[in-house]
Amino acid sequence: MDMISVALPKGRLGEKVYARFKDAGYPCPAIEAENRKLIFENPEAGVRYFWVKPSDVAIYVERGAADIGVAGKDILLEYEPDVYELADLGLGRCRMCVAAKEDFRDRTDRVLRVATKFPRIAGRYYAGRSRDIDIIHLNGSIEIAPILGLSDVIVDIVETGKTLLENHLEPKAVIVPISARLIANKVGYKFKYDAITELCRRVAGRPEQGGPL
Ligand code: PRP
């Protein structure tokens, strides 16, 4: 049996993803016992897992360091890695939104200042609306930007909406729904086709839909 290497996103989403893989027949007892190690393998189940930063999963998969991985649709839309998107796992559901202060009114005669971790998603969204924007590329705590007057709006992920609420911001538009996707390296997918399609079928919880989406 082919051994499949899997890049898992470290953190809360990763825990849920691993649980899904385990229930699907790809357990790895060592992963549950150790908490600082980053690579685990279970030859009987034919899997090797790596914990990587969520935003790096697609890089490992694109370059073939992992055969498959689980990445948020936000990362796939932002970086457009050259990988196959095999399935929507339905985990980590949230929305990419435009948000601003409750009293914000857009002044279309001015360039809109947009703070975000996702400059390409934001750029495409406003280009589609022929709106001139000035992108302020931040790495986290985006919600602070409009409060301090650094930006007019933010483009960011909203899950429960709590972070916005507690910072007196509100969602103004939903750009796209987000969830975790199973992705595969294009070469690995061909060479390990049987093992990967079987894993996809079991992990995604529905019949294989005839190849990459
Ligand atoms: C994300 C996102 C929001 C928050 C939304 O941040 O950027 O800040 O989660 O979640 P909520 O709607 O449930 O409040 P993350 O935790 O990834 O940290 P970050 O500030 O480093 O982006």
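Residues numbered from 1 in each chain as written. Predicted model: local features only at pLDDT ≥ 70, side-chain atom pairs only at ≥ 80, totals over all residues. Heavy atoms only, no water.

Notes on the overall build of the protein
- For the protein, the count of helices and strands is 9 helices and 11 strands.
- By the burial criterion, 45% of the 213 residues in the protein qualify as buried.
- Counted over contacts in the protein with a minimum sequence separation of 6, partners at least 24 positions apart contribute 67%.
- For the protein, the accessible surface area stands at approximately 11,400 Å², while carbon and sulfur atoms represent 50% of it. (Helix = DSSP H or I, 4+ residues; strand = E, 2+ residues; numbered from the N terminus. Buried < 20%, exposed > 50% of the residue type's maximum accessible area, 1.4 Å probe, protein only. Contact = heavy atoms within 4.5 Å. Areas by Shrake-Rupley, 256 points an atom, 1.4 Å probe, with all protein chains shown as cover.)

So, the domain arrangement of the protein
- Partitioning the protein into structural domains gives domain 1 (4-92 + 179-204) and domain 2 (94-177).
- The C-alpha-based centres of domain 1 and domain 2 are spaced at 30 Å.
- Taken together, the contact pairs 8 residues of domain 1 with 11 residues of domain 2.
- For the pair domain 1 and domain 2, the summed buried area comes to about 840 Å², and 42% of that belongs to carbon and sulfur atoms.
- Among the residues of domain 1 in contact with domain 2, Asp-74, Leu-77 and Glu-78 are the three that bury the most area, contributing 58% of the side total.
- In this structure, Glu-80 and Arg-120 form a salt bridge, with 2.9 Å as the shortest nitrogen-oxygen distance.
- At the junction of domain 1 and domain 2, the tally comes to 6 residue pairs in polar contact (both at pLDDT 80 or more).
- When grouped by side-chain class, the residues that make up the side of domain 1 that touches domain 2 number 2 nonpolar, 2 polar and 4 charged. (Domains from an automatic or database assignment. Buried area = accessible area lost by both parts, 1.4 Å probe. Salt bridge = Lys/Arg side-chain N within 4 Å of Asp/Glu carboxyl O. Polar contact = N/O pair within 3.5 Å; in protein donor to acceptor, adjacent residues only side chain to side chain. Nonpolar A, V, L, I, M, F, W, Y, C, P; charged D, E, K, R; others polar.)

Quick look at the packing of aromatic side chains
- Inspection of every chain in the model, using the stated rule, returns 5 aromatic pairs.
- Plain terms: the ring middles of Tyr-84 and Tyr-189 are 5.2 Å apart, the flat faces sit at 70 degrees to each other, and that makes the pair edge-to-face. Here Tyr-84, found in strand 5 (residues 84-88), pairs with Tyr-189, found in helix 8 (residues 186-191); they are 105 residues apart in sequence, far enough to count as distant.
- Its relative accessible area of 19% is what places Tyr-84 among the buried residues.
- For Tyr-189, a relative accessible area of 5% corresponds to the buried category.
- On the numbers, 5.4 Å between centres and 80 degrees between planes, the contact of Tyr-189 with Tyr-193 is edge-to-face.
- One aromatic cluster is present, formed by Tyr-18, Phe-21 and Tyr-49 through successive ring pairs. (Phe/Tyr/Trp six-rings, centres within 6.5 Å; stacked < 30°, edge-to-face > 60°.)

Thoughts on the site of the ligand
- Neighbouring the ligand are the residues Lys-117, Gly-140, Ser-141, Glu-143, Asp-156, Ile-157, Val-158, Glu-159, Thr-160, Gly-161, Lys-162 and Thr-163.
- For the ligand, whose unbound accessible area comes to 500 Å², protein coverage reaches 65%.
- Looking at the shell around the ligand, the elements with two or more residues in it are strand 9 (153-158) and helix 7 (162-166).
- With 3 residues, the single largest contributor to the shell around the ligand is strand 9.
- Residues of the shell around the ligand, tallied by class, amount to 2 nonpolar, 5 polar and 5 charged. (Near = heavy atom within 4 Å.)

Side note on the sheet that holds strand 9
- One open sheet holds the 5 strands; their spatial order is 8-7-9-6-10, and the pairing between them is mixed. Each end of this open sheet is capped by a strand with a single partner; those strands are strand 8 (133-137) and strand 10 (169-178). Taking the axes of each pair of neighbouring strands and ignoring which way they run, one obtains an average angle of 30 degrees across the sheet.
- The pairing of strand 7 (residues 112-116) with strand 8 spans 5 bridges and is parallel. Bridged to Leu-112 within strand 8 is Ile-133.
- Sheet strands touched by helix 5 (residues 119-127): strand 6 (94-101), strand 7, strand 8, strand 9 and strand 10. Its angle to strand 8, the strand with the most contacts, is close to 170 degrees. (Pairing = 2+ DSSP bridges. Axes fitted to C-alpha atoms, helices over the stretch in contact; angles between N-to-C directions.)

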